Amino acid sequence: MKKRLKPTARTCALALGMALAWSAASADESSPHYYLGLQGGRNNLNNWNADVSLGAGVTLPGKVNLDQGTQGGLILGRQTEHARYEIEYQHGSFDLQAINLGSQTQAVGGSGHYDALTLNAYRTESLSESISGYLGAGIGFGKTKLPGAGFSSGCHCFPAASGNGLTYQLRAGLEYDLAAPHKAFIQYTLLSLPGPDSGSNPGVEYDRKQIGIIGLGYRYIFH
């Protein structure tokens with residue numbers, strides 16, 4: 001079953017294009033600086049909807065309940081006075097708690113994860129002598145993986161699934177200037193991930209998923 005991209009994909013692509021144009025137009029003549037950074041936080045991934053195929057043309061809506069997990073990332077970028085451009089790798093994890101299919105619910109175990117590699121662009125603005133804000137978007141490639149799980153009745157209705165494809169995000173944050181060249185930041189990310197698929201029939205196909213991530217991070221500026 002081939003899924004269509006939701007309108008939010010076009011929205012994020014447009015936002016990224018606007019951020020790139022806006023940032024390029026506002027870039028000052030001062031020398032740009034490069035930076036390395038890392039970030040970590042917690043995602044709000046607490047469930048994931050799916051279509052469960054039982055064979056013979058029978059498909060039912062299902063869901064897995066998840067325990068919100070952690071995520072971290074590494075960034076390499078370039079900044080000017082009012083713009084930042086970066087490549088970012090993110091990895092997140094979560095645990096399975098239960099599977100739901102129709103009126104049946106079964107407690108399960110196991111863990112899943114996601115990975116995303118994106119190109120990001122931000123508009124930055126100074127809010128005070130030591131605090132600045134940033135707003136932007138990113139687009140790239142992502143991978144997702146969920147373990148298999150089944151009911152005690154014998155139906156292995158949720159086989160292991162994996163997927164890859166377009167990943168995009170929107171992000172806003174605040175950054176605090178520590179002693180130069182160190183910076184600390186807090187940010188909120190809305191990340192869209194491709195839905196994993198078992199690639200089998202009977203099998204399971206998960207929806208594309210948007211998750212929120214609250215994170216803290218650190219950047220080191222090379223002068």
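Not measured: the values here are computed from a predicted model.

K.L.:
Any details on the nonpolar core? Residues and values, ideally.
P.N.:
Formed by 24 residues in total, the largest nonpolar core has its most connected members in Trp48, Val64, Phe158 and Tyr206. When contributions to this core are tallied by element, the ones reaching two or more residues are strand S2 (47-55), strand S3 (58-67), strand S5 (83-101), strand S10 (182-193), strand S11 (203-206) and strand S12 (209-222). Broken down by element, the residue count for this core peaks at four residues, all from S5.

K.L.:
Lay out a nonpolar patch on the surface in plain terms, naming residues and giving numbers.
P.N.:
On the surface, Leu127, Ile131, Leu170, Leu174, Tyr176, Leu178, Ile186, Tyr188, Leu190, Ile214 and Leu216 cluster together to form a nonpolar patch covering roughly 1,000 Å² of accessible area. Looking at the nonpolar patch, the elements that each hand over two or more residues are strand S9 (161-177), S10 and S12. Position of Ile131 relative to the elements: it lies in strand S8 (residues 131-146). Residue Ile131 is classed as partly exposed on the basis of its relative accessible area, which comes to 34%.

K.L.:
Can you break down the pattern of salt bridges residue by residue, with the values?
P.N.:
Per the counting criterion, the structure on display carries six salt bridges. Linking Glu86 and Arg84 is a salt bridge whose minimum nitrogen-to-oxygen distance equals 3.3 Å. For Arg123, the salt bridge is made with Glu125, and the minimal N-O distance between the two is 2.4 Å. Salt bridges here are not isolated pairs; linked through shared partners, they connect Arg84, Glu86, Glu88 and Arg171.

K.L.:
Report on the pairing of S5, specifying residues and quantitative values.
P.N.:
Consecutive side chains of a regular strand alternate in pointing toward one face of the sheet and then the other. The sheet contact formed by S3 and S5 spans six bridges and is antiparallel. What sits directly across from Val64, in S5, is Ile99. Here strand S4 (residues 70-79) pairs with S5 via nine bridges, running antiparallel. Note on S5: the bridge partner recorded for Gly73 is Gln90. Counted between consecutive antiparallel strands, the loop separating S4 from S5 contains three residues. Relative to strand S7 (residues 111-126), S5 runs antiparallel, the two sharing 13 bridges. Residue pairing for S7: Ile87 is matched across the bridge by Leu119. Taking the residues between adjacent antiparallel strands as the criterion, S5 and strand S6 (residues 104-107) are bridged by two residues, where Gly102 takes a positive phi near 60°.

K.L.:
I'd like a rundown of the layout of surface pockets, residues and numbers included.
P.N.:
It is the rolling of a water-molecule-sized probe over the atoms that shows where space remains empty. Approximately 470 Å³ is the volume attributed to the largest pocket. If you trace the largest pocket, you find 29 residues lining it, with Gln79, Glu81, Ser132, Asp177 and Lys183 closest to the centre. Secondary structure elements with two or more residues in the lining of the largest pocket: S5, S7, S8, S9, S10 and S12. Looking at the lining of the largest pocket, the element that brings in the most residues is S8, giving four residues. Of the residues contributing to the lining of the largest pocket, the split by class is seven nonpolar, 14 polar and eight charged.

K.L.:
Help me get a handle on the packing of aromatic side chains, residues and values and all.
P.N.:
One pass over the full model with this rule turns up five aromatic pairs. Here Trp48 and Phe94 contribute two aromatic rings whose centre-to-centre distance is 6.3 Å and whose plane-to-plane angle is 50°, an arrangement assigned as tilted. Placement of Trp48 in strand S2 and of Phe94 in strand S5 is noted, with a sequence separation of 46 residues between them. With a centroid separation of 6.4 Å and 85° between ring planes, the pair formed by Tyr134 and Phe185 is classed as edge-to-face. Residue Tyr134 is located in strand S8, and its partner Phe185 is located in strand S10; the two are separated by 51 residues in the primary sequence. What makes Tyr134 buried here is its relative accessible area of 5%. Three or more aromatic residues link up through ring pairs in this structure, and these residues are Trp48, Phe94 and Tyr206. Between the NZ or CZ atom of Arg84 and the centre of the ring of Tyr134, over which it lies, the distance is 4.7 Å. Here Arg219 stacks its cationic end above the ring of Tyr35, 4.4 Å away from the centre of that ring.

K.L.:
Please give an account of the state of the cysteines that cites residues and values.
P.N.:
Under the defined criterion, the tally for this structure stands at one disulfide. The disulfide partner of Cys155 is Cys157, and the S-S distance across this bridge is 1.8 Å. In this structure the cystine formed by Cys155 and Cys157 twists about its S-S bond by roughly 110°; its chirality is therefore right-handed. A relative accessible area of 5% means that Cys157 is categorised as buried.

Criteria and thresholds
- Every residue gets a number counted from 1 within its own chain, in the order that chain's sequence is written.
- Note on the predicted model: pLDDT of at least 70 is required for a residue's local features to be given, and 80 or more for side-chain atom pairs to be given and counted; whole-chain, interface and lining totals, by contrast, use all residues.
- As a convention, hydrogens and water are excluded, and side-chain values are obtained from all of the structure's heavy atoms.
- Think of a nonpolar core as a cluster: buried Ala, Val, Leu, Ile, Met, Phe, Trp, Tyr and Cys residues, connected wherever their side-chain atoms sit within 4.5 Å.
- Per-residue accessibility, obtained with a 1.4 Å probe over protein chains only, is compared with the maximum for each type, and a residue is labelled buried under 20%, exposed over 50%, and partly exposed between these values.
- Helix and strand labels come from DSSP, where a helix needs a run of H or I of at least four residues and a strand needs a run of E of at least two; each type is numbered from the N terminus.
- Like charges within 9 Å and nonpolar side chains (Val, Leu, Ile, Met, Phe, Trp, Tyr) within 5 Å are joined into patches, using only residues over 30% in relative accessible area that form no salt bridge.
- Surface exposure here means Shrake-Rupley accessible area, sampled with a 1.4 Å probe, where a residue is shielded only by the protein chains that are shown.
- Only one rule defines a salt bridge in this text: a Lys or Arg side-chain nitrogen within 4 Å of an Asp or Glu carboxyl oxygen.
- Whether two strands pair comes down to DSSP finding at least two bridges between them.
- Here a cavity means grid points, on a 1 Å grid over the protein atoms only, where a 1.4 Å probe fits yet cannot get out; a pocket means an open set of points with protein on both sides within 12 Å along at least five of seven lines; lining residues are those with an atom within 4 Å of a point.
- Grid points are joined across faces, edges and corners, and a volume is the space filled by probe spheres set on the points.
- Classes in brief: Ala, Val, Leu, Ile, Met, Phe, Trp, Tyr, Cys and Pro nonpolar; Asp, Glu, Lys and Arg charged; the others, Gly included, polar.
- Only centres within 6.5 Å qualify two rings of Phe, Tyr or Trp (six-membered ring in Trp) as a pair; their planes then separate them into stacked at under 30 degrees, edge-to-face at over 60, and tilted for everything else.
- By the criterion adopted, a ring carries a charge over it if an Arg CZ or a Lys NZ lies within 6 Å of its centre and within 35 degrees of its normal.
- Whenever a pair of cysteine sulfur atoms sits within 2.5 Å, that pair is classed as a disulfide.

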